[in-house]
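Geometric and topological summary
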Amino acid sequence: MGSEIDNKSATDASYIDESVSFSHVTAVATGWTLDFMFVSLCRHFKEGKHDKFNETLSTFEAIYQCSSLKGRLHNEKAMICAFLSRVVHGKQLDVLFEEDSCVMPLMSAAKIWSKLEDTVADESLFKNITILLIVQSVAVCMEKGQRSSASSALKWFENNHGFPQNLGVKLSTIVTKKETYHPFLMSFTFSRLLETVRSYLDAYLEKNPSDYLLKAATKTVQSSQNREGLEDTVTRDNALSETANELTLHRKKKKKAAGLRTKRKLLSTKITDVWKPDSCKKPLVSLRRMSKSELSQMISEKSMVSFEKSVVCFEKSMDSENKDKTKKRKPPQKWTPQLDKYLMDGVKCHGQGKWSRILLDYDFEGRSGTMLKDRWRVLLRAHKVC
């Protein structure tokens, strides 16, 4: 099958070579490619994608150098691309397109625009773009703070490019007074220039359509997307059918497993006695009418029960306190003759009343200074010390 296709393509190629000059075919194909690049440049300019515009412009220049391209429209499109590139770099005063370093991008754009007058159907559109180019050539210099460049731009327009005298006087006055944000400059802004150029491109492409290769490529992409969509739907349907088969098999296995189970249950599902905490018990409400005597007796019984409970609780608490007190009390310790001797020696050494110092010198078995003082009084009353 592959060999048949190769033979067919070879025969087609030989047929083309014999019937039509290959140089003519090359010229047509190159023209379509140039048209596609031109449409891409216009699209990037309108969308404000300046990086892509510069990349496509280099490709356009390389194709335009081909010797097979000889036509008015091709030269015209090359001029339009040169004009667009200068407008794109309009605010970059250091970019040069001319041999004269004083000629800035918008000044060079105005020079090319004067040669494109035949491509503009609307005369008012041509005049508007001309005025916008002149005004912006001065306004950009004023924004950058280069007043001398703005005045030199005006002189260049006077010498090389005719423009209305009133416009020249107005702009020279603005430059002299250094009015960077003059209302006249604000009415002819750079964004307005871009918008006006976009409308010119729309009108030119409508008059000179250059989208043959673009349309052919679009059809190819759409057909490939449709093919991919069909393949996706087929694979999706296959996946759905596989999952459905898996589900049916799973259900059958479940049914077989259920048939093998015994129906006897070891424990009954009915629970006769269920434990419930006291919090779950609902209060019992009596609907029988009671007499005053019964009610008073019930209240007195409840109050007595509550009183007895409180008495019992109080007795328990008192018992626990007494037990704690008895536990905390220590049995009184007897004073031995040795301890009395320690006390007498301490008083002789430090003097009476220095109980804390005496405690430091001798071991009184955990006694405090107050206990030493009390024992000394006992000894004084017994006349054992003087």
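See above for the structure.
Reference entry: report on the structure contained in this document. (Residues numbered from 1 in each chain as written. Predicted model: local features only at pLDDT ≥ 70, side-chain atom pairs only at ≥ 80, totals over all residues. Heavy atoms only, no water.)

1. Description of the packing of helix α2 (residues 22-47) against helix α3 (residues 50-64)
- The geometry of α2 relative to α3 is characterised by a closest axis approach of 9 Å and an angle of 160° between their N-to-C directions. Regarding the angle of α2 to α3, the classification is roughly antiparallel. The chirality of how α2 crosses α3 is left-handed. Across the interface between the two elements, T30, T33, L34, M37, F38, S40, L41, H44 and F45 from α2 touch K52, F53, T56, L57, T59, F60, I63 and Y64 from α3. (Axes fitted to C-alpha atoms, helices over the stretch in contact; angles between N-to-C directions. Helix = DSSP H or I, 4+ residues; strand = E, 2+ residues; numbered from the N terminus. Parallel < 35°, antiparallel > 145°, perpendicular 65-115°, else oblique. Left-handed = near helix turned anticlockwise from the far one by under 90°. Contact = heavy atoms within 4.5 Å.)

2. Regarding empty space enclosed by the protein
- On inspection of all chains with the given rule, the structure shows one cavity of 30 Å³ or more.
- Here the largest cavity is characterised by a volume of approximately 40 Å³.
- For the largest cavity, the full set of lining residues is G90, L93, M104, P105, L106, M107, Q136, S137 and V140.
- Taken together, the elements giving at least two residues each to the lining of the largest cavity come down to α5 (105-113) and α6 (123-143).
- In terms of residue class, the lining of the largest cavity is built from six nonpolar, three polar and no charged. (1 Å grid on protein atoms, 1.4 Å probe; cavity = no way out; pocket = protein on both sides within 12 Å on 5 of 7 lines; lining within 4 Å. Points joined across faces, edges and corners; volume = space filled by probe spheres on them. Nonpolar A, V, L, I, M, F, W, Y, C, P; charged D, E, K, R; others polar.)

3. Notes on the environment of K384
- Within the element layout of this structure, K384 appears in the segment after α15 (369-381).
- Between the alpha carbons of K384 and M344 there is a distance of 10.0 Å; along the sequence they are 40 residues apart.

4. A look at helix α10 (residues 190-207)
- The end-to-end C-alpha distance of α10, which contains 18 residues, comes to 26 Å, matching closely the 26 Å that a straight helix rising 1.5 Å per residue would cover.
- The complete set of buried residues in α10 reads F190, L193, L194, T196, V197, Y200, L201, Y204 and L205.
- Residues of α10 that are buried in the fold lie against α2, α4 (72-88), α5 and α6. (Expected span 1.5 Å × (residues − 1). Buried < 20%, exposed > 50% of the residue type's maximum accessible area, 1.4 Å probe, protein only.)

5. Let's talk about the pattern of salt bridges
- Under the definition given, this model contains 10 salt bridges.
- Taking the shortest distance from any N to any O, the salt bridge between E98 and K111 comes out at 3.7 Å. You can see E98 sitting in the loop between α4 and α5 and its partner K111 sitting in helix α5, a full 13 residues away along the chain.
- Overall, the relative accessible area of 35% leaves K111 in the partly exposed class. (Salt bridge = Lys/Arg side-chain N within 4 Å of Asp/Glu carboxyl O.)

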